[in-house]
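Structural features, examined
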Amino acid sequence: MFKNLLIADSGKGHVEEMVRMLRDLPAFQTARVNLLHVVSEQSKDDSDQHWTKAGSLLAKAVDNLGLNPGDVNSIIRQGDAKQTVLKVADELDADLIVMGSRGLGRLQSILANSASQYVFQLSTRPMLLVRDDLYVRHINRVLVTIDGTGVGDDALKLACDMVKDIPGGQLTGVHVSRTERTPSRGGAGTSDSLLERAVQRARMLGVTLNPLHVTDADVGKGVCQAAETIKADLVVLASQDRRPLVARGLVDLDKLLGGSVSDYIRVHAPAPVLLVREPEQR
């Protein structure tokens, strides 16, 4: 399923541990690993020192991952980290970006010039975000959001592809509605219909989906609560946030500071978050 991983490694956090967990899954075992370290713009006087340090960090990361150096594409680039990650992802046509995060809130992230928050907001590619404050566990219980959209279907398929080859793997599909369910004349509400369709689609993909309906005025909080309830090891999140065709040139501060569901889950989910974006052509 995943063929080309881009891992943005800063030498900190739990990214390498997360990647080791992923490589235990059949869906990731044959994937090409591209390991990126970005050297910030420095004066010429100490640039050699920074490049040497970057090389040492990448070599240590490869060793920590337990990989043969010949099987890893190690990349060192100089520049702005957030822009460089997006650029390299496009160059490699990566089908998954893996980054660590300090779990800063929206305003904190902007003030701290957070690379992971920027990439999370603007990348059109699937992205796995691993917060520094999380305990990374072997992936067994996966939560996927169900919303009845095209990108929601993509997220469900991805989650099914991951879970179906995990011995004892469990997949829960959560739909969060802001109001209580109102049954239709036939007795089933909109949430019930969405979840039932998701159960049927998962069954066609060879996976048993456990449906879960949550009522919460705040969708992000509802998803995080569901993840806490089932003790999820991974949250697969479908996001329809506005695509970055314009935002690449002008960061959308309203979106970054506003009520983005995906951004709330990025900060508060009790497990790593795999964000699935809607492709540009839709």
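A short tour of the structure in this document, coming up. Note on numbering: residues in each chain are counted from 1, in written sequence order. Restriction of local features to residues with pLDDT of at least 70 applies here, the model being predicted, together with a cutoff of 80 or more for giving and counting side-chain atom pairs; totals for whole chains, interfaces and linings are based on all residues. Derived side-chain values reflect all non-hydrogen atoms in the structure, with water molecules and hydrogen atoms excluded from consideration.

Things to note about helix α3 (residues 81-92)
Note: α-helices contain 3.6 residues per turn, so residues at a spacing of three or four share the same orientation. This is how the line gets drawn: In this text, helices come from DSSP runs of H or I with a minimum length of four residues, and strands from runs of E with a minimum of two, each type numbered from the N-terminal end. In a helix, the anticipated span is given by 1.5 Å times the number of residues less one. When accessible area is computed with a 1.4 Å probe and restricted to protein chains, residues below 20% of their type maximum are described as buried, those above 50% as exposed, and intermediate ones as partly exposed. Every residue pair with non-hydrogen atoms within 4.5 Å of one another is taken to be in contact.
Helix length check: α3, at 12 residues, gives a terminal C-alpha distance of 16 Å against a target of 16 Å (1.5 Å per residue), a fit within 8%. For α3, every residue scored as buried is listed here: Lys82, Thr84, Val85, Leu86, Val88 and Ala89. The inward-facing, buried residues of α3 contact β1 (4-8), β2 (32-39), β3 (72-78), β4 (96-101) and α5 (115-122). Where α3 ends, the next residue or the one after it, Asp93, has phi of about 55 degrees, a positive value.

Some thoughts on the nonpolar core
Among soluble globular proteins, nonpolar side chains are generally buried collectively. The cut-off we apply is this: To qualify as a nonpolar core, a set must consist of buried Ala, Val, Leu, Ile, Met, Phe, Trp, Tyr and Cys residues joined through side-chain atoms within 4.5 Å.
Counting residues in each nonpolar core, the largest one holds 51 residues, and the members touching the most others are Phe28, Leu128, Ile139, Val144, Leu171, Val236 and Leu274. When residues in this core are grouped by element, the largest group, 8 residues, is from helix α6 (residues 150-163). Apart from the residues lying within four places of it in its own chain, the contact partners of Leu128 are Met18, Leu22, Leu96, Ile97, Val98, Met99, Leu234, Pro272, Val273 and Leu274. Met127, Val219, Cys224 and Ile265 belong to the second-largest nonpolar core, a separate cluster that totals 37 residues.

Quick look at the pairing of strand β10 (residues 273-277)
To keep it simple, the criterion reads: At least two DSSP bridges between two strands are needed for those strands to be called paired.
Within β10, 5 of the 5 residues are buried, which leaves the element mostly enclosed by the surrounding structure. Side-chain alternation along β10 places Val273, Leu275 and Arg277 on one buried face and Leu274 and Val276 on a second face that is also buried. Taken together, the 5 bridges between strand β9 (residues 234-239) and β10 define a ladder with parallel strand orientation. In the strand pairing of β10, Val235 is matched with Val273.

As for the environment of Asp95
To keep things clear, this is the line we draw: For this analysis, a polar contact is any N or O atom pair within 3.5 Å, provided that within protein one partner can donate a hydrogen and the other can accept it, and provided that sequence-adjacent residues contribute only side-chain to side-chain pairs.
If you trace the backbone, Asp95 turns up in the loop between α3 and β4. Residue Asp95 is classed as partly exposed on the basis of its relative accessible area, which comes to 22%. Counting along the chain gives 91 residues from Asp95 to Asn4, while the straight-line C-alpha distance between them is 5.6 Å. Leaving out residues up to four positions away in the same chain, Asp95 has contacts with Met1, Phe2, Lys3, Asn4, Leu5 and Pro126. Separated by 2.8 Å, the side chain of Asp95 and the backbone nitrogen of Lys3 make a polar contact.

Here's the deal with the packing of aromatic side chains
Formally: Ring pairs shown here join Phe, Tyr and Trp side chains whose ring centres sit within 6.5 Å, with only the six-membered ring taken for Trp; geometry is labelled stacked below 30 degrees between planes, edge-to-face above 60, and tilted in between.
Tallied over the full model, the rule gives 1 aromatic pair. An angle of 20 degrees between the planes, with centres 4.6 Å apart, marks the rings of Phe2 and Phe28 as stacked. With Phe2 in the segment before β1 and Phe28 in the loop between α1 (15-22) and β2, this residue pair connects regions lying 26 residues apart in the sequence. For Phe2, a relative accessible area of 3% corresponds to the buried category.

Side note on the sheet that holds β3
The following threshold applies: Throughout, an axis means a line fitted to C-alpha atoms (over the contacting stretch in the case of helices), and angles, computed between N-to-C directions, take values from 0 to 180 degrees.
Read across the sheet, 10 strands follow the order β3-β2-β1-β4-β5-β10-β9-β6-β7-β8 without closing on themselves; strand pairing throughout is mixed. Of all strands in the sheet, those with a lone pairing partner are β3 and β8 (209-215), marking the two edges. Across the sheet, the axes of successive neighbouring strands diverge by a mean angle of 20 degrees, strand direction being ignored. Note: β1 against β4, 4 bridges, orientation parallel.

As for the packing of α6 against helix α7 (residues 190-204)
Here is the rule: The labels follow the angle: roughly parallel below 35 degrees, roughly antiparallel above 145, roughly perpendicular from 65 to 115, and oblique for the rest. For any pair of crossing helices, the crossing counts as left-handed if the nearer helix is rotated counterclockwise from the farther one by less than a right angle, and right-handed if it is rotated clockwise.
For the pair α6 and α7, interaxial distance at closest approach is 10 Å and the crossing angle is 40 degrees. With respect to each other, α6 and α7 are oriented oblique. Two packed elements cross with a definite hand, and for α6 against α7 that hand is right-handed. Along the contact surface, α6 presents Asp153, Leu156, Lys157 and Cys160, while α7 presents Ala198, Arg201 and Ala202.

A closer look at unusual backbone geometry
Excluding glycine, a negative phi dihedral is what most residues carry, and trans is how most peptide bonds are arranged. Positive phi, normally seen in glycine, also occurs at Asp93, with a value near 55 degrees. Structurally, Asp93 can be placed in the loop between α3 and β4. Its identity is not glycine, yet Lys231 carries a phi of approximately 55 degrees, on the positive side. Assignment of secondary structure puts Lys231 in the loop between α8 (219-230) and β9. Taking the relative accessible area as the measure of exposure, Lys231 reaches 55% and is therefore exposed.

Some remarks on α1
Here α1 lies mainly inside the structure; 6 of its 8 residues are buried. All of the buried residues along α1 are Val15, Glu16, Met18, Val19, Met21 and Leu22.

Let's talk about the side chain of Ser239
When you line up the elements, Ser239 lands in strand β9. A polar contact of 2.9 Å, which involves the side chain of Ser239, links it to the side chain of Arg277.

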